[in-house]
Amino acid sequence: MNYDINLIWSTLLLLTSEEVNKLNGGGIEGVFRISKREADGKFYVVFIGSASDIKNELNLLLSKEDGFLKQGEFSFRYAPIKGEEKRKAVEKQMYKQYIPQYNPKEPVSTLEVKVNLN
Amino acid sequence: MTLVIGLKTKDGIVIASDSQATSDLTSNDKVQKIFAIGGSSAVGISGDGGLATYFLDQIKEELNYSQGILHLAEEVRQKGKAKFNDFFEHLSPEKRPKLSLVLVGYSKEGNPEIYTLRSEDNFVPRKCVIGYECIGVPYIADYILTGLYETEIKMNAAAEMAVLCIEETARQGGSGVGGETKVAIIDAATKTFKQMPKIDVERMREKAKQFQIVQKSRYYPEDPDSGTGNPTI
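As recorded in an unreviewed UniProt entry, chain B goes by the name Proteasome endopeptidase complex.

Per an unreviewed UniProt entry, the recorded name for chain A is GIY-YIG domain-containing protein.

S.K.: How should the overall build of chain B be read in this particular structure?
M.R.: The helix and strand tally for chain B stands at 5 helices and 12 strands. Along the three orthogonal principal directions, the C-alpha set of chain B runs to about 80 × 45 × 30 Å. Across the 233 residues that make up chain B, the buried fraction comes to 40%. Here the contacts in chain B between residues at least 6 apart in sequence split such that 67% fall between residues at least 24 apart.

S.K.: What am I meant to see in unusual backbone geometry here?
M.R.: Trans is the common state for peptide bonds, and a negative phi is the common state for residues other than glycine. Even without being a glycine, A:Ile99 presents a positive backbone phi close to 40 degrees. Relative to the elements of secondary structure, A:Ile99 occurs in the segment after α3 (84–98). Assessed through the 19 C-beta atoms surrounding it within 10 Å, A:Ile99 is described here as partly exposed. In this structure, B:Phe123 takes a positive phi of about 60 degrees despite not being glycine.

S.K.: Got a minute to help me understand the sheet that holds strand β2 (residues 12–17) of chain B in this structure?
M.R.: The pairing of strands in a sheet happens through backbone hydrogen bonds and is either parallel or antiparallel. Residue and element names in this part refer to chain B. Taken together, the 5 strands give an open sheet; going across it, the order is β10-β1-β2-β11-β12, and neighbouring strands pair in antiparallel fashion. Where the open sheet ends on each side, the last strands, each with one partner, are β10 (132–136) and β12 (193–195). Adjacent strand axes in the sheet meet at a mean angle of 15 degrees, parallel and antiparallel pairs treated alike. Pairing of strand β11 (residues 182–187) with β12, which is carried by 3 bridges, proceeds in the antiparallel orientation. Its bridge partner being in β12, Ile185 is matched across the sheet by Lys194. With respect to the sheet, helix α4 (residues 155–171) is in contact with β1 (3–9), β2 and β11, its orientation differing from that of β2 by roughly 20 degrees.

S.K.: What exactly am I supposed to notice about the interface of chain B and chain A here?
M.R.: Many descriptions give the size of an interface as the accessible area lost when the pieces come together. Across the boundary between the two partners, chain B contributes 19 residues, which contact 24 residues of chain A. Residue classes in the side of chain B that touches chain A are distributed as 7 nonpolar, 8 polar and 4 charged.

S.K.: Please explain the nonpolar core as it appears in this structure.
M.R.: Side chains of nonpolar character tend, in soluble globular proteins, to be buried together. All names here are of chain B. In terms of nonpolar packing, the biggest core is built from 56 residues, with Ile5, Val14, Leu103, Ala159, Ala162 and Val163 touching the most fellow members. Examining the composition of this core, we find that 10 residues originate from one element, α4, more than from any other. Among all residues touching Ala162, those that are not within four sequence positions of it are Ile5, Leu7, Val14, Ala16 and Val183.

S.K.: I keep staring at the sheet that holds strand β1 (residues 13–14) of chain A and nothing clicks. Help me out?
M.R.: Residue and element names in this part refer to chain A. Sheet architecture is open: 4 strands sit in the order β1-β4-β2-β3, paired in antiparallel fashion. Of all strands in the sheet, those with a lone pairing partner are β1 and β3 (43–51), marking the two edges. With 2 bridges joining them, β1 and strand β4 (residues 74–80) adopt antiparallel strand pairing. Considered in β4, the bridge of Leu14 is made with Ser75. With respect to the sheet, helix α2 (residues 54–63) is in contact with β2 (30–37), β3 and β4, its orientation differing from that of β3 by roughly 125 degrees. Seen against the sheet, α3 touches β2 and β3 and runs at an angle of roughly 160 degrees to β3.

Analysis parameters
Residues numbered from 1 in each chain as written. Chains lettered and ligands numbered in written order. Predicted model: local features only at pLDDT ≥ 70, side-chain atom pairs only at ≥ 80, totals over all residues. Helix = DSSP H or I, 4+ residues; strand = E, 2+ residues; numbered from the N terminus. Buried ≥ 20, exposed ≤ 12 C-beta atoms within 10 Å, placed from the backbone. Contact = placed C-beta atoms within 7 Å. Pairing = 2+ DSSP bridges. Axes fitted to C-alpha atoms, helices over the stretch in contact; angles between N-to-C directions. Nonpolar A, V, L, I, M, F, W, Y, C, P; charged D, E, K, R; others polar. Core = buried A, V, L, I, M, F, W, Y, C linked by C-beta atoms within 7 Å.

Written as structure tokens, this is what we have:
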């Protein structure tokens, strides 16, 4: 399949403060998705997002007292991408693919791009 | 094509339709497909729009509305059969145009009822036993309503559900369903037909756009072997 942008995705990493803090300081701009381990042992996407500093954003999510990350085992993967417009467009594409449980609504983006999600 | 939906609810009846008509030559998205008849009942039509409107104009003056919906359904059957035989006596039954009706209203005892009548079946009324009926292009609406509809539903929520069914059907290209969505209610308390304001229907259409299949991610598990240790742009 031809994509408008070819993203390079990270491996699936455990979503813990320790793993998140291994990410480059100074901020990786890009998109990410969080998945939860279910009874069959597989990880299923429950949240997608984008940030100018992924490390900071994930730490924020982890620190939320009433957040969805409080129960269960979670993993994440990310892909660097520059520019808010592009990030939002990828976020929208991921949302449509996964309809993640903890994203309340479809991200808004006027830009239509097709990227690889793996 | 058309989608007309009638739903019984705890506090009344909802009837909704799209408003698109398509022929080989033209397309119009402002066609009326729901008509009040007798003040406390309504009919939704699917089929040749011009024929349906003329057919209704012909029979509705002769109907007796005071005996409840069961009596009305029987009258529509008799008059419908007679009119069709008159209109199309030159055609064998299988070559005649097809017309389907959803008839909604209250029984003499005050219970909400829905009937479907089809020209190819000599307008024999079929009483609704599941709480809702769809005519025209019913497949998506039937699927959604099978999953979501409960007899405990209230009128406003049922109106939203009907709008969702029409929106989802219209979203599938080639269904011929589209244009403005029309919704009407017949409140159980007043037994009065009332068209819902356009602004309320628009709000329901916006809400319908948020409808999603929430378990979709279950079909796309993360691949633990993909990805790279140090991704870069």
